[in-house]
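# Commentary on secondary and tertiary structure
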Amino acid sequence: MLMMLGPYQRVATYVQDPTQLKGGDLDLLINKYGLDDPFYMQYGRWLDGLLHGDLGWSEAAGAPVVEAIFDRFPATLELAILAVIPVIMGGIWLGVFSAVHHNDFWDHTTRVFSTVGWSFPTFVFGLIILMIFYGVLGWTPPGRLSNWALELKNTAQFTVFTDMNILDGILNGNISFALDSLRHLVAPVFTLAVVWWAFILRITRSSMLETLRKDYIRTARAKGVKENIVINKHARRNALIPVVTVAGPMVLGLLGGIVTVETVFGYRGLGLLAYETATRLDYAGILGIAMYFGGILVLINLIVDVSYAFIDPRIRLE
Amino acid sequence: MIDLSKEKLIDVNNLKTYFHTEEGTVKAVDGVSFEIYPGETLGIVGESGCGKSVTSLSIMRLIESPPGKIEEGEILFDGKDLTELNQTQMRKIRGNDISMIFQEPMTSLNPVYTVGDQIMEALLIHKDINKKQAREEAINMLRKVGIPLPEQRVDEYPHQLSGGMRQRVMIAMALSCDPQLLIADEPTTALDVTIQAQILELMNSLKDQFDMAIMMITHDLGVIAEVSDRVAVMYAGKIVEYADVETLYADPKHPYAWGLMHSIPHIEKDLERLEAIPGNVPNPLNFPDGCKYNTRCPFATDKCRTEEPELEEVEEGHYSACWHVDKLEAKKAEEKSA
Amino acid sequence: MEWSDIIKRLFTNKLSVFGIVIVFFFAIVAIFAPWIAPPADPDEPYDIPRSGWKIAPTPPDADNIFGTTEGSYDIFYGMVWGSRTAFRIGFIVVGISTLIGIFVGTISAYYGGWFDEIMMRITDIFMSIPFLVAALVLTAILGKGLDKVMVALIVFGWMGTARLMRSQVLEIKAEEFIDAAYALGAGDTRIIFKHVLLNSIFPVLIQACMRMGSMVITAATLSFLGVGAPPGYADWGQMISFARNWIIGAQGNPLTYWYTLMIPGTAILLFSLSWNLIGDAFRDILDPKLQQK
C-alpha cells in the first residue's frame, strides 16, 4: 500500500517544478495546461486524469502517454521474461553448485565471473556485444525485427495476438518470423541477464554455504539421507530464503537495466521510451512511465511476499 | 549388571582422528579403544574439547574431511569395520542400525519441513514401506516418546514445539528404524533441568523397549551417574579411565577422574570453597609431552612429563592410564582417615 | 579485529591487492592530471581538447596517444581527466549518501518508536522506486548535467546505508544499554554514540566500498544516455556515447573504431572492479564465521 504512495509522492514534488522551468516560455501552452495554477490544483488534475486512465500527452511519442505505454509494453515484457528465467534458474543452480564445490576450481571460476559480471557496466557490455556479434559476425542485429519481418507483421496475413514477436510467430505458424525475432532478442537478453545472473549467483552461493553449516544438515546426514537429497531438499529451500529477499531489489535494478539495454540495442520497448522522454524533457511521458514501473514493482513485491510465505512455513503461520 | 560374555555390539580399537588445519594438526582423538555391549549404556565423559564428540562422529563417519581424517584404528560393528566402508554403505547404517541425536534440539531440525515429514524420511529410506504406513509409524513413534496428541503434532513445524518436545522428536526420529545403538551427544545439555530428567527417563525406558545400547556423551557427571552402566573418562583425546559406573564414582583410579569427583559438591558435606581442578585443558595444537594431564596433576613427576601412560587394567574391569596410581591411592587413604 | 590486522590481511589477499593497485593507479592519474595532460584552458580543465573537427574517430597516433573519438576529441585527455571525474563522483555521492544513511539509520534506531516507524516507511518508499528511472525523472526535472546526476544519485542512494546502520545500531543497542545503564548512571549519550558508531562502522564501510564502483557505473550510464555530463566533458560514460555510432566500424573492418569504446569502457570496468574486489576482501576478512577457522 505504502509503495503506491511512492510514485504519487514523487509526482507531487515534480508537478510543481514544471511551472518554474517552463514558465516564461510559451504563455499559451501554460494557460492551456494550467501550468501556472497552484500546485495542488495541478496535482489534483493529474490524479483525476490518472483515475480516468489519462496520463497526459507525450511529446516524445507523439501520442497519449497511456497509449504509448501500452504500445511498447509487450516488447519489454518479452525481453524481461526471457531474461529473468535464465537469471533465476541459472543463477540459483550455479550458486548451489558453487557452494557445494566450495573452493574447487569451479567455485573460484564462478566467483571471479560473478564479481566481474557485477562490475561490468551494462551499457558497455551491450555495446561490446553489439560490436562483436553484430558488427563482426552480423548475428544479432539491433531492433526487434528485420525489415522483411516488420513488413510482414503489418500486413493482413499476420495476426498480432500479443505483440510479443516470438509468441506471435509461433501462433501464426511462421517459424522463421519467430526465429528472426529471437535473433534480435538474444543480445539484449544476454546483456540484461549477465549482471543479475552474477548477483543471484553470489547471493545464492553465500547463503547456501551458510545453510550447509547448520545443525539440521548434520542431522539429515546422520539419518542416512543421500547427499544430493541433503543438498537439494534440505539445504536449498532454506538457502533460498535470503535470495527471495533480494529478489525485490533485483527487479528494481532490472528495470533500470532494461532502459539501458533497450537504448543500446534500439529495441523498441518501454525502456527506450523512457530514454526518449527523459532526454526530450517530456514530463508527462517520463512520469507516466515511472508510475507504470512503480506499479509493476508493487506487483512484483506482492509476488515476492507470497512466495516467501510459500517457502518458509514460519512466515505462513503468522 | 551387563552380561560381558555376550558378543560385543561395537568394538573400537585404537581410533585416531586428526584434523589437518592451517595452524597445525589437531589430534582430536588419539588412540581411543572401548567396547559397547548390547543393551548397555556406555557413558563418555570429559570436558569440552576432549574429543568425545569427535569420537562419536568418527563412528558415524560424519567427520568433515578435509580437514579431518580417520588416520588409524578400526570400528568393528556387525561383522564389518566401519572405517573401511564407503559413504553409500555407511548411509545404510546411519539412522538404521546406528542412530545419533545431538545437543541443540532448537537447530537440529529442519525448519521448513514438518516434524512428521522428518521422521518419515528416515523410515522411507531404510524400510520398505509406503507413505501411509510411514506416517502411521511416525505418529506411533511420537506417542512412544511421550508427545501428547501425536496425530496433530505430526503435521506441525519445529518452531511450533518447545525445546523438550523437539528433543523428543529427535529421539523419535532416531529410534524410528529400531537401531541397535543410539549415540547421544549431550542430549540434555541445552534443556532445563526438569526437562533433562524427563528426557533421561524416557531414554532409559526406550532402551529396554527397543533393546538397544546407548552411547551417552556428556560433560555432566550427574547425567553419567544416572544412566550409565559403564563409563569412559576422556581427556585430551585419550581415554584415561574406564570402569563401571559405581566403581568409578566410589573409587576413581586416575587423578583426573578423582579430581572430577572431588569437584562435585555433596549436599551433606560442608564446604568453604568449591574445589576445582586447577589449570586449563591444554591447547590441542600444542599438547604437552608425556601424559597430557601432567600440567594439572598433583602427582606429576618427570616420568609423567616425558612418557605417555597406556590404559592398563588396575583391577578387574577397571582401567586407568596413569604412572602413579599408587600415589593416588595413598592420597585417598589419607583423606579417609582424616 | 584490530585495524593493523585488517590492513595486513587486505594486503595479503591476492585479489584485494589487485584492487588496491588499480585504485591507486587511477588515483595517481587523477591527482597528477594537470601534469599528465595539461588542459588547453586552465579554467575549464574538464573540456576535452579537440584536434580538429572531423566527425569520424581517428586511431592512436603520435599526436593523440589513444586516438580521437567522434568530433576529434582526444581520448587520452578524456581518460586522464575522466579519472578525476570518476573519483569526484564516487567520493561525493558515496560520501554524502553514506553520511545521510548513517545519520538516518542511527537516530532512527536510537530513538525507536513512532519516529523509527516513520523513517523506515520513508526509506521504504524511496527504496521502491527503480533507481535509474527515478534518476531519469529527476534529471528531466532538474535538467541535464553531472551535478544534477550526482544529486539524483545521492537522493536515491542513502537508503541501503540507512537500513544497514539501523540494524547494526539495534543490535548494539540491545547489548550496550544494559551495561551503560549500570556503568554510566545517567547514560552519557556521547560515549554510547561513539561506541555504537565504532562497532557498526565496518559493514557500512564495506557497503560504501562496493558503492564506489556501482555509483560510477550508474553515473556513466546516465552520461551515456545523455542526461549526465555534457558532450565533450571528460567523463568516461560521456565518451562512450560518442562511440555509439562507430562501433559497427567502417566498410570492411567492423572493428576499426574499437578504441572509442574499449578504452573508456575498460576504465569504467577496472575502476568498478577494483572497488568491488577491495570491498569483497574486506568482507571476507571481517566475516566472523571465517575467522573461527
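Residues numbered from 1 in each chain as written. Chains lettered and ligands numbered in written order. Predicted model: local features only at pLDDT ≥ 70, side-chain atom pairs only at ≥ 80, totals over all residues.

## Re the overall build of chain B
Using the following cut-off: Numbered from the N terminus, helices here are DSSP runs of H or I no shorter than four residues, and strands are runs of E no shorter than two. Within these notes, the globule rule equals 2.2 Å times the number of residues to the 0.38 power, and the radius of gyration is based on C-alpha atoms.
A tally of regular secondary structure across chain B gives 12 helices and 12 strands. Scaling as 2.2 N^0.38, a compact globule of 338 residues should have a C-alpha radius of gyration of about 20 Å, and chain B matches this with 21 Å. Structurally, chain B occupies a C-alpha span of about 65 × 45 × 45 Å along its principal axes.

## Focus on the overall build of chain C
Using the following cut-off: Note on burial: count the other C-beta atoms lying within 10 Å of the residue's C-beta; 20 or more is buried, 12 or fewer is exposed, in between is partly exposed, and C-beta positions come from the backbone. Note that contacts rest on C-beta atoms placed from the backbone: two residues are in contact if these are within 7 Å.
In terms of regular secondary structure, chain C is built from 12 helices and two strands. Sequence-ordered secondary structure for chain C, helices as α and strands as β, is α-α-α-β-β-α-α-α-α-α-α-α-α-α. The buried share of chain C, reckoned over its 293 residues, is 46%. Sequence separation of at least 24 residues holds for 68% of the intrachain contacts in chain C that already meet a minimum separation of 6.

## Thoughts on the interface of chain A and chain B
Formally: Three classes are used: nonpolar for Ala, Val, Leu, Ile, Met, Phe, Trp, Tyr, Cys and Pro, charged for Asp, Glu, Lys and Arg, and polar for all others, with Gly counted as polar.
If you look at the interface, chain A gives 18 residues, while chain B gives 23 residues. Of the residues in the side of chain A that touches chain B, the class split is five nonpolar, four polar and nine charged.

## A closer look at the packing of helix 4 (residues 65–100) of chain A against helix 11 (residues 227–265) of chain A
Residues and elements named next belong to chain A. Short version of the rule: To get an axis, fit a line to the C-alpha atoms, keeping to the stretch in contact for a helix; angles then go from 0 to 180 degrees between the N-to-C directions. Crossing handedness is defined as follows: a turn of the near helix away from the far one that is anticlockwise and smaller than a right angle gives a left-handed crossing, while the clockwise case is right-handed.
Packing of helix 4 against helix 11 brings their axes to within 10 Å, and their N-to-C directions diverge by 145°. Every pair of crossing elements has a handedness; the one defined by helix 4 and helix 11 is right-handed. Each of T76, L79, A80, I92, V96 and V100 in helix 4 lies in contact with helix 11, whose residues at this interface are I231, R236, V243 and I258.

## What to know about the pairing of strand 6 (residues 98–101) of chain B
Residue and element names in this part refer to chain B. Test applied: The pairing criterion for strands is at least two bridges between them, as found by DSSP.
Burial along strand 6 is two-sided: the residues I98 and M100 and S99 and I101 are all buried. Sheet analysis places strand 6 next to strand 7 (residues 181–185), joined by four bridges and oriented parallel. When the sheet's bridge partners are listed, S99 is paired in strand 7 with L182.

## Considering the nonpolar core
Selection criterion: We define a nonpolar core as a collection of buried residues of the types Ala, Val, Leu, Ile, Met, Phe, Trp, Tyr and Cys that are connected via C-beta atoms lying within 7 Å of each other.
Core analysis: the largest hydrophobic core is formed by 254 residues, its most contacted members being C:V133 and C:A135. Examining the composition of this core, we find that 17 residues originate from one element, helix 11 of chain A, more than from any other. For C:V133, the contacting residues outside a window of four places in its chain are A:L255, A:G256, A:V259, A:A274, A:I289, A:A290 and A:F293.

## Examining the sheet that holds strand 5 (residues 80–81) of chain B
Residue and element names in this part refer to chain B. Here four strands make up an open sheet; going across it, the order is 2-1-4-5 and the pairing antiparallel. Among the strands making up the open sheet, the edge pair consists of strand 2 (24–36) and strand 5. Across eight bridges, strand 1 (residues 10–21) lies against strand 4 (residues 68–77) in antiparallel orientation. Each bridged residue has a counterpart across the sheet, and for N13 the counterpart in strand 4 is E74. In the packing of helix 1 (residues 52–59) onto the sheet, the strands contacted are strand 1, strand 2 and strand 4, and the crossing angle to strand 2 comes to about 70°.

## Quick notes on the packing of helix 6 (residues 163–175) of chain B against helix 7 (residues 193–210) of chain B
Each pair of packed helices can be summarised by the angle the axes make with each other and by the distance between the axes. All names here are of chain B. Test applied: Put simply, angles under 35 degrees are roughly parallel, angles over 145 are roughly antiparallel, angles from 65 to 115 are roughly perpendicular, and the rest are oblique.
Two numbers describe how helix 6 lies on helix 7: the axes approach to 11 Å, and their chain directions differ by 15°. Between helix 6 and helix 7, the interaxial angle falls into the category roughly parallel. Along this stretch, helix 6 crosses helix 7, giving a crossing that reads as right-handed. Between helix 6 and helix 7, the residues in contact are G164, Q167, R168, I171 and L175 and I195, Q198, I199, L202, M203, L206 and F210, respectively. Residues of the contact of helix 6 with helix 7, tallied by class, amount to eight nonpolar, three polar and one charged.

## Quick word on helix 11 (residues 258–286) of chain C
Selection criterion: Helix span, as expected, comes to 1.5 Å for every residue beyond the first.
Its 29 residues give helix 11 of chain C an end-to-end C-alpha distance of 41 Å, which sits within 8% of 42 Å, the value for a rise of 1.5 Å per residue. Counted residue by residue, helix 11 of chain C has 23 buried out of 29 residues, so it is predominantly covered.

## Considerations on the pairing of strand 4 of chain B
Note on strand geometry: in a regular strand, side chains alternate between the two faces of the sheet. All names here are of chain B. Bridge analysis of strand 4 against strand 5 gives two bridges, and the strand direction is antiparallel. Along strand 5, the bridge assignment pairs L76 with D81. Hairpin geometry of strand 4 and strand 5 is characterised by an intervening segment of two residues between the two adjacent antiparallel strands and by a positive phi of about 55° at D78.

## Let's talk about helix 10 (residues 236–243) of chain C
For helix 10 of chain C, a buried count of eight out of eight residues is recorded, marking the element as mostly surrounded by other parts of the structure. Turning to helix 10 of chain C, its buried residues are C:W236, C:G237, C:Q238, C:M239, C:I240, C:S241, C:F242 and C:A243.

## Re the confidence of the model for chain C
Interpreting fine coordinate detail is not advised for predicted regions of low pLDDT. Residue and element names in this part refer to chain C. This is how the line gets drawn: Residue-level confidence of the predictor is summarised by pLDDT, bounded by 0 at the bottom and 100 at the top.
Confidence in the prediction of chain C, expressed as mean pLDDT, is 79, and 85% of residues score 70 or more. Overall, residues 289–293 carries pLDDT values under 50, and its contacts beyond four positions in sequence, including any with other chains, amount to one contact. Confidence metrics for the complex model read pTM 0.76 and ipTM 0.82.

## Some words on unusual backbone geometry
All names here are of chain B. For D78, which is not glycine, the phi dihedral falls at a positive 55°. Inspection of the secondary structure assignment puts D78 in the loop between strand 4 and strand 5. Of note in the backbone geometry, D211 takes a positive phi value of approximately 50° without being a glycine. Inspection of the secondary structure puts D211 in the loop between helix 7 and strand 8 (213–218). Residue D211 is classed as exposed on the basis of its 11 C-beta neighbours within 10 Å.

## Concerning the sheet that holds strand 3 (residues 41–45) of chain B
Residues and elements named next belong to chain B. In spatial order, the strands read 6-7-8-3-9-10-12-11; together these eight strands make up an open sheet with mixed pairing. Only two strands of the sheet have a single neighbouring strand rather than two, namely strand 6 and strand 11 (312–315). Going across the sheet, the axis of each strand differs from the next one's by a mean of 20°, ignoring polarity. Here strand 11 runs beside strand 12 (residues 318–320); their pairing, made up of three bridges, is antiparallel. If you follow E312 over to strand 12, its bridge partner there is S320.

## Some details on the interface of chain C and chain A
Each side of the interface is counted separately: chain C has 38 residues, and chain A has 44 residues. Elements that contribute at least two residues to the side of chain C that touches chain A include exactly helix 5 (113–127), helix 6 (131–142), helix 9 (189–225) and helix 11 of chain C.

## A short note on the environment of B:C291
Residues and elements named next belong to chain B. Within the secondary structure, C291 sits in the loop between helix 10 (255–263) and helix 11 (302–306). Through-space distance from the C-alpha of C291 to that of G259 is 16 Å; in sequence the pair is 32 residues apart. Ignoring anything within four residues of it in the chain, the contact list for C291 reads C304, E308 and P309.

## What to know about the environment of A:S98
All names here are of chain A. As for its placement among the helices and strands, S98 is situated in helix 4. With 81 residues separating them in the primary sequence, S98 and L179 have C-alpha atoms 34 Å apart. Each residue touching S98, except ones within four places of it in the same chain, is listed here: W106, D107, T110, L201 and R205.

## Topic: the environment of C:G145
For C:G145, the location among the structural elements is in the loop between helix 6 and helix 7 (146–155). When the C-alpha atoms of C:G145 and C:P34 are compared, they prove to be 23 Å apart, with 111 residues separating the residues in sequence.

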